[in-house]
Amino acid sequence: MSALAAEHDGVLPGPDDFVITDYFDGIAAFLGGPANVIMQLGHPAVGHGVVEKPREAGSVMKHPFKRLRTTFSYLAVAGLGDDSDRAAMREAVNFSHRDVRSDTDSPVKFNAFDPRLQLWVAAAIYYGYVDILTRMHGPLDDATADRLYYECRRFGTTLQMPAEFWPAD
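Bear in mind the structure is a predicted one, so any value in this text is a computation, not a measurement.

## Examining the packing of helix 4 (residues 64-80) against helix 5 (residues 83-97)
So, step 1. Between helix 4 and helix 5, the least distance of the axes is 8 Å, while the angle of their chain directions is 145°. Seen from above, helix 4 lies across helix 5 with left-handed handedness. For the pair helix 4 and helix 5, contact is made by Ser-73, Tyr-74, Val-77 and Ala-78 and by Asp-85, Arg-86, Met-89 and Val-93, respectively.
So, step 2. Grouping the amino acids of the contact of helix 4 with helix 5 by side-chain chemistry returns 5 nonpolar, 1 polar and 2 charged.

As structure tokens, this is what we get:
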């Protein structure tokens, strides 16, 4: 039994034949990216974290293609990777986030390790992803939508967000 099934006493939301790869569409991630970034930056603390990030290496403003590549890698690992893959990605993201926090001059207080900010980012990724997916392929039945929603909590748990932060619906 998978760890995911164990959390739910062997019963997961959605259809028994649900396969996550059936719902990960690379072009959907690409097309939804700009809107998703805007949704993430809509939270003042997330926006300031991006703008005030002290290291240039991951700056979306200075290295947009590198940032695009690392973001797509994150999405692929969070969505499709196993527990070991996600742990390695979390470690890499933690390294990148270690200096992303407000200082005394910041107009908004933020810390990239704040699980509530990670929930915001994960929710924005989920919303943008499902929006583009359903626009491209049509609506999901309720059971499949519930299972996909549940699986997409990985967008946050692959960061620093505890699983229990992901709302039930």
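Moving on from the model shown.
## Considering the packing of aromatic side chains
So, step 1. One pass over the structure, following the stated rule, counts 3 aromatic pairs.
So, step 2. Where Tyr-126 meets Tyr-149, the ring centres are 5.1 Å apart and the plane angle is 80°; that geometry is what we call edge-to-face. Pair noted here: Tyr-126 is in helix 6 (residues 115-137) and Tyr-149 is in helix 7 (residues 142-151), with a separation of 23 residues, a long-range link. Residue Tyr-126 shares its accessibility class with Tyr-149, and that shared class is buried.
So, step 3. Ring plane angle 90° and centroid distance 6.1 Å describe the contact between Tyr-126 and Trp-166, whose orientation is recorded as edge-to-face. On the criterion of sequence distance, the pair formed by Tyr-126 in helix 6 and Trp-166 in the segment after helix 8 (154-157) is long-range, its members being 40 residues apart.

About the cut-offs
Residues numbered from 1 in each chain as written. Predicted model: local features only at pLDDT ≥ 70, side-chain atom pairs only at ≥ 80, totals over all residues. Heavy atoms only, no water. Axes fitted to C-alpha atoms, helices over the stretch in contact; angles between N-to-C directions. Helix = DSSP H or I, 4+ residues; strand = E, 2+ residues; numbered from the N terminus. Left-handed = near helix turned anticlockwise from the far one by under 90°. Contact = heavy atoms within 4.5 Å. Nonpolar A, V, L, I, M, F, W, Y, C, P; charged D, E, K, R; others polar. Phe/Tyr/Trp six-rings, centres within 6.5 Å; stacked < 30°, edge-to-face > 60°. Buried < 20%, exposed > 50% of the residue type's maximum accessible area, 1.4 Å probe, protein only.

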